Amino acid sequence: MLVLGLILLLLGIFLKVSILYTIGIVLLVIGAVLWILGAVGRPVGGRKVWF
C-alpha cells in the first residue's frame, strides 16, 4: 500500500491530477499506520502473521 501510494502521489504531481495526488497521500498514511501497527506486534485485520 505504501508503494502504490507513492506511485500515485508522484503521478499526481507530475501529471498535475489532483485526485491522484489526494489518493496517494491517503494510501501513504493508511499504509504507514498499518505498517507501524504490524511492527509493534498488534494484530492487523485479525491476524498477527500474514504467512
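Keep in mind it's a predicted model, so treat the numbers as computed, not measured. (Residues numbered from 1 in each chain as written. Predicted model: local features only at pLDDT ≥ 70, side-chain atom pairs only at ≥ 80, totals over all residues. Heavy atoms only, no water.)

A. How the structure looks around helix H2 (residues 18-39). If you check H2, its first and last C-alpha atoms are 31 Å apart, about what 22 residues at 1.5 Å a residue would give, namely 32 Å. Every buried residue of H2 is accounted for by Gly24, Leu27 and Gly31. An end-on view of H2 places all buried positions within 70° of arc, on one side of the element. Opposite the buried face of H2, at more than 90 degrees from it, the exposed residues are Ser18 and Ile36. Looking at the buried residues of H2, the elements they touch are helix H1 (2-15). (Helix = DSSP H or I, 4+ residues; strand = E, 2+ residues; numbered from the N terminus. Expected span 1.5 Å × (residues − 1). Buried < 20%, exposed > 50% of the residue type's maximum accessible area, 1.4 Å probe, protein only. Arc of directions from axis to C-beta. Contact = heavy atoms within 4.5 Å.)

B. Structural context of the packing of H1 against H2. Direction vectors running N to C along H1 and H2 enclose 160°, while the axes themselves pass 7 Å from each other. Our classification of the angle between H1 and H2 gives roughly antiparallel. Remark: the crossing between H1 and H2 carries left-handed chirality. Along its contact with H1, which presents Leu2, Leu4, Gly5, Leu6, Leu8, Leu9, Leu11, Gly12 and Ile13, the element H2 presents Leu20, Tyr21, Ile23, Gly24, Ile25, Leu27, Leu28, Gly31, Ala32 and Trp35. Grouping the constituent residues of the contact of H1 with H2 by class yields 15 nonpolar, four polar and no charged. (Axes fitted to C-alpha atoms, helices over the stretch in contact; angles between N-to-C directions. Parallel < 35°, antiparallel > 145°, perpendicular 65-115°, else oblique. Left-handed = near helix turned anticlockwise from the far one by under 90°. Nonpolar A, V, L, I, M, F, W, Y, C, P; charged D, E, K, R; others polar.)

C. Just unusual backbone geometry, in detail. The phi torsion at Lys16 lies on the positive side, around 60°, for a residue other than glycine. Accessibility expressed as a relative area gives 73% for Lys16, which makes it exposed.

D. Just the UniProt feature "transmembrane region" (unreviewed entry) in the protein chain, in detail. Taking the numbering used here, the UniProt-annotated feature "transmembrane region" (unreviewed entry) corresponds to residues 6-37. Taken as a whole, residues 6-37 contains 94% helix and 0% strand, while its terminal C-alpha atoms sit 19 Å from one another. (UniProt positions renumbered as here; feature names shortened; annotations may be inferred.)

E. Structural view of the environment of Leu4. With respect to the secondary-structure elements, Leu4 resides in helix H1. Remark: the alpha-carbon pair of Leu4 and Leu27, spanning 23 residues in sequence, is separated by 7.3 Å.

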